[in-house]
Amino acid sequence: QDNRISIWSAGDLGNVGLNGEYQGEPQLLCDIRHNGDVMDMQFLDQERIVVASSTGTVTVFRHHQNNQTLSANQRWEKAHYHVDQDTSCGGAAACTGVICNNPEIVTVGEDGRINLFRADQKDAVRTIDNADSSTLHAVTFLRTTEVLTVNSIGQLKIWDLRQQRNEPSQIFSLTGDRVPLHCVDRHPNQQHIVATGGQDGMLSIWDIRQGTMPVSLLNAHEAEMWEVHFHPSNPDHLFTCSEDGSLWHWDTSTDVSEKPSFLHQGGRSTTYFSHNTINQSVVSAWLSNDPTKDRMEITNLIPNQTLSVNSLDILGPCLVYGTDAEAIYVNRQLFA
């Protein structure tokens with residue numbers, strides 16, 4: 001009922017235990033009330049955070065570092081809403097995802113609407129009202145003027161925000177099943193490579209230059225995959241988290257056969273998946289087509305977790321994730 005946006009300091013890097021868990025107490029720097037459930041949030045810049053609400057409102061909060069306070073800097077009320085055709089009055093629709101490319105902010109929601117906002121402008125720069133007939137679950141930038149969305153019937157769509165028409169420029173879909181997709185991320189260097197995850201826990205890798213189906217489907221989690229992220233500076237590494245309580249680190253960086261086995265080391269459970277790379281410098285390891293040539297290493301970073309891992313993010317050697325235990329975890333030794 002009472003939700004808050006909080007800024008934490010995770011302290012200095014010195015206090016790391018043997019298992020990479022941070023030893024010192026994280027400090028709560030400041031917090032502020034938030035109306036509705038927090039569906040998604042992202043830093044716009046060093047000081048501003050864009051937050052998506054289940055009420056359909058999108059708020060930009062400013063973190064004042066000089067006196068450690070948060071304030072609402074800007075708010076777009078009912079950016080997402082349902083319209084009753086008979087009465088033409090509307091109720092709130094959850095804003096399910098935000099993505100920022102300062103000063104631009106793109107939001108998607110349960111109403112199938114896409115909004116393009118600018119941080120300093122009161123009104124939306126662009127709204128695609130009926131972008132989708134189903135719920136849009138997540139959005140990411142493909143290029144500065146193009147975004148990718150995933151929806152609840154297993155489709156990945158590309159939208160060119162320069163075009164005035166309200167149709168996607170491309171549609172990709174999982175064949176047959178229409179399994180809802182919950183998350184999407186684009187490879188940071190090779191913009192044609194996209195990863196998605198959804199209700200069946202599968203990891204799908206897409207090459208948006210070719211075909212309309214994923215290039216590979218990898219068996220992953222036993223329940224919904226809530227988030228997928230390529231490592232921003234080391235994209236041979238990918239991270240996924242799930243309702244089943246697992247958080248997987250997918251590593252395609254080298255030929256696993258040359259690596260020591262991690263099977264019995266440090267209690268980490270590791271599975272090997274067939275994988276290939278034709279020529280690492282030319283073709284990304286994620287776009288495999290001959291599974292016999294090479295393999296991928298997968299490590300579950302929290303083997304004994306039982307509650308859903310709802311969110312994750314990575315920066316450098318640090319992984320942060322949040323679970324249904326109402327706890328936030330920081331792992332600072334991803335590549336140890």
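Residues numbered from 1 in each chain as written. Predicted model: local features only at pLDDT ≥ 70, side-chain atom pairs only at ≥ 80, totals over all residues. Heavy atoms only, no water.

Pairing is antiparallel across the open sheet formed by three strands, whose spatial order is S26-S27-S28. Since the sheet does not close on itself, it has two edges, and those belong to strand S26 (309-315) and strand S28 (328-331), each with one partner. Looking at each pair of strands side by side, their axes are set apart by 15 degrees on average, direction ignored. Here strand S27 (residues 318-323) runs beside S28; their pairing, made up of four bridges, is antiparallel. Bridge pairing links Val320 to Val330 in S28. (Pairing = 2+ DSSP bridges. Helix = DSSP H or I, 4+ residues; strand = E, 2+ residues; numbered from the N terminus. Axes fitted to C-alpha atoms, helices over the stretch in contact; angles between N-to-C directions.)

Here we come to the pattern of salt bridges. In the structure shown here, the tally under the stated rule is 12 salt bridges. Across the salt bridge formed by Asp2 and Arg33, the nearest N and O atoms sit 3.2 Å from each other. Residue Asp2 is located in the segment before strand S1 (3-9), and its partner Arg33 is located in strand S2 (residues 27-34); the two are separated by 31 residues in the primary sequence. A salt bridge links Asp160 to Arg162; the nearest nitrogen and oxygen atoms lie 3.0 Å apart. Accessibility expressed as a relative area gives 57% for Arg162, which makes it exposed. Among the charged side chains, a salt-bridge network with shared partners connects Asp2, Arg4, Asp31 and Arg33. (Salt bridge = Lys/Arg side-chain N within 4 Å of Asp/Glu carboxyl O. Buried < 20%, exposed > 50% of the residue type's maximum accessible area, 1.4 Å probe, protein only.)

Moving on, we come to unusual backbone geometry. Cis geometry is adopted by the peptide bond preceding Pro103, which originates at Asn102 and carries an omega value of 10 degrees. Structurally, the position occupied by Pro103 is in the loop between strand S9 (95-101) and strand S10 (104-109). At Lys78, a position not held by glycine, the phi torsion is positive, near 45 degrees. For Lys78, the location among the structural elements is in the loop between strand S6 (69-76) and strand S7 (81-83). The phi angle at Glu326 is positive, at roughly 60 degrees, despite the residue not being glycine. Following the sequence through the fold, Glu326 ends up in the loop between S27 and S28.

All right, on to a nonpolar patch on the surface then. Judged by side-chain polarity, Trp8, Leu28, Val320 and Ile328 come together as a nonpolar surface patch covering roughly 390 Å² of accessible area. With respect to the element layout, Ile328 can be found in strand S28. The exposed category is assigned to Ile328, whose relative accessible area is 59%. (Patch = residues over 30% accessible without salt bridge, like charges linked within 9 Å, V, L, I, M, F, W, Y side chains within 5 Å. Areas by Shrake-Rupley, 256 points an atom, 1.4 Å probe, with all protein chains shown as cover.)

On to the packing of aromatic side chains, then. Enumeration over the complete set of coordinates arrives at five aromatic pairs. Between Trp76 and Phe117, the ring centres sit 4.3 Å apart and the planes meet at 15 degrees, which makes this aromatic pair stacked. In this pair, Trp76 is assigned in strand S6 and Phe117 in strand S11 (residues 114-118), connecting sequence segments 41 residues apart. By relative accessible area, which is 4% here, Trp76 ends up buried. (Phe/Tyr/Trp six-rings, centres within 6.5 Å; stacked < 30°, edge-to-face > 60°.)

Note that every value here comes from positions in space, so none of it alone points to a role or purpose.
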